[in-house]
Amino acid sequence: MIETLQWCTLGICGLVAAARVPSALRGNNRTLFYIFALITLAILLSIEAPYVAIDRALGGLNVANLILRLVIFATIYFVGIRIAKGFGATGAYRLITGRMGMVALGLTSLIVLVFFLMMDTAGSSAGLVSVSVKDSRNGLLVEYYGAAGRAYPAYVSLVLLPAMASAVRGTLPGLVRVSAFLLAVGSAAVGLTLLFPLIPPESGFVEAVINYTAVLCFVMGLAVIGVAGVVYRRRDPRQKTSTAK
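To start, this report covers the structure provided alongside it.

Section: the overall build of the protein
Step number 1: Regarding its fold elements, the protein presents 11 helices and zero strands.
Step number 2: Each helix and strand of the protein, placed in order from N terminus to C terminus, yields the pattern α-α-α-α-α-α-α-α-α-α-α.
Step number 3: Whereas a compact globule of 245 residues would reach a radius of gyration of roughly 18 Å, the protein reaches 19 Å, a difference of no more than 12%.
Step number 4: Principal axes of the C-alpha set define a box for the protein whose edges measure 65 × 35 × 30 Å.

Spelled out as structure tokens, the structure:
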């Protein structure tokens, strides 16, 4: 079930990224293409078979997992900027790009790197499963490493959530409010990842459902923003909505 969910999510993300290629080549909304491409790469690196193949090519030390964490950080940073600008959420934008946001990004990146270097990472394994079972020390470090990796995406998502909830209840055009709803669900799902340590190991599939719900909601929400911009500009070329930002 989890593997099917992973491959389906990868396919959807890949198709959305491919659909943005013509616009990106014309210089229109290239940021969206880069975001979708980064999300597609992150999903690819979360699936066992491609992860192992890529990591073995990099030396078999699970460097691919560290790359995955940093790709997720970069993705959520640019997603946060895009959403905050698009919905005019100046407070959220400051919390992401201002001093507090930069400290959060820098500190969590450093902590992730430190925990990674402290682990015995030999043996390619998606999710660092083989690393966590080597001994109790490694198992604990994997837990800390995972918690640090979830912290920054959760920070950005929770910063965005109030603005998305407000947009859903507001008077924006219908497609924009649909987008805001999807983004709000995605943000809430990422926030829930902070509770992963409370989920029993035998219910690990719940973590996958939460993770991929977040990804799909963000991807579809951003895609709807792009569609809304095209639709409303065609209806009234002079109209400037927040979707065009």
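Some details on the environment of Phe-33
Step number 1: Its place among the elements puts Phe-33 in helix α3 (residues 30–44).
Step number 2: Owing to a relative accessible area of 21%, Phe-33 belongs among the partly exposed residues under this scheme.
Step number 3: Taking the C-alpha atoms as reference points, Phe-33 and Ala-17, 16 residues apart in sequence, are found 5.8 Å from one another.
Step number 4: Excluding its chain neighbours within four sequence positions, the residues that come into contact with Phe-33 are Ala-17, Arg-20, Val-21 and Ala-24.

Some words on the packing of helix α5 (residues 63–86) against helix α9 (residues 136–169)
Step number 1: Remark: α5 packs on α9, axes separated minimally by 10 Å, with the N-to-C direction vectors making an angle of 10°. Our classification of the angle between α5 and α9 gives roughly parallel. The residues of α9 that touch α5, namely those facing Asn-65, Leu-66, Arg-69, Ile-72, Phe-73, Ile-76, Tyr-77, Gly-80, Ile-83 and Ala-84, are Tyr-145, Gly-146, Ala-148, Gly-149, Arg-150, Tyr-152, Pro-153, Val-156, Ser-157, Leu-160 and Met-164.
Step number 2: Considered class by class, the residues forming the contact of α5 with α9 number 14 nonpolar, five polar and two charged.

Details of helix α4 (residues 48–57)
For an α-helix the count is 3.6 residues per turn, leaving residues at separations of three or four pointing the same way.
Step number 1: Listed in full, the buried residues belonging to α4 are Pro-50, Tyr-51, Val-52 and Asp-55.
Step number 2: The elements touched by buried residues of α4 are α1 (2–19), α3 and α5.

Points about the packing of aromatic side chains
Step number 1: Tallied over the full model, the rule gives six aromatic pairs.
Step number 2: Measuring from ring centre to ring centre gives 5.4 Å for Tyr-77 and Phe-78, while their planes differ by 75°; the resulting arrangement is edge-to-face.
Step number 3: On the basis of relative accessible area, Phe-78 is assigned to the partly exposed category, the value being 39%.
Step number 4: Each ring, one from Phe-115 and one from Tyr-144, has its centre 5.6 Å from the other, and the planes form 40°; the classification is tilted. Residue Phe-115 is found in helix α7 (residues 99–118), and its partner Tyr-144 is found in helix α9; the two are separated by 29 residues along the sequence.
Step number 5: Every member of this aromatic cluster is reached through a ring pair, and the members are Phe-73, Tyr-152 and Tyr-155.

Overview of the nonpolar core
Step number 1: Membership of the largest hydrophobic core comes to 66 residues, with the highest contact counts inside it found for Ile-83, Phe-87, Tyr-152 and Leu-222.
Step number 2: For this core, the element with the highest residue contribution is α5, accounting for 11 residues.
Step number 3: In this structure Leu-222 touches Leu-32, Ile-35, Phe-36, Val-79, Arg-82, Ile-83 and Leu-183, once residues within four positions along its chain are discounted.

Conventions we followed
Residue indices follow the written sequence of each chain, beginning from 1 at its first position. For this predicted model, a pLDDT threshold of at least 70 governs which residues receive local features, and a threshold of 80 or more governs which side-chain atom pairs are given and counted, while totals over whole chains, interfaces and linings are taken from all residues. Remark: hydrogens and water are excluded; side-chain values derive from all non-hydrogen atoms of the structure. Only DSSP runs of H or I covering at least 4 residues are called helices, and only runs of E covering at least 2 are called strands; the numbering of each starts at the N terminus. C-alpha atoms define the radius of gyration, and 2.2 Å times the number of residues to the power 0.38 defines the globule rule. Three labels apply to residues, based on accessible area from a 1.4 Å probe with only protein chains included: buried if under 20% of the type maximum, exposed if over 50%, partly exposed otherwise in between. Residues are treated as being in contact if the distance between any of their heavy atoms lies within 4.5 Å. Only the stretch in contact is used when fitting a helix axis, every axis being a line fitted to C-alpha atoms; angles between N-to-C directions are given from 0 to 180 degrees. Geometric relationships in this document are graded by angle, where less than 35 degrees denotes roughly parallel, more than 145 denotes roughly antiparallel, 65 to 115 denotes roughly perpendicular, and other angles denote oblique. Residue classes follow a fixed rule: Ala, Val, Leu, Ile, Met, Phe, Trp, Tyr, Cys and Pro count as nonpolar, while Asp, Glu, Lys and Arg count as charged, and any other residue, Gly among them, counts as polar. A pair of aromatic rings is counted whenever rings of Phe, Tyr or Trp (Trp by its six-membered ring) have centres within 6.5 Å, and the orientation is called stacked for planes under 30 degrees apart, edge-to-face for over 60 and tilted otherwise. In plain words, nonpolar cores are sets of buried Ala, Val, Leu, Ile, Met, Phe, Trp, Tyr and Cys residues tied together by side-chain atoms within 4.5 Å.

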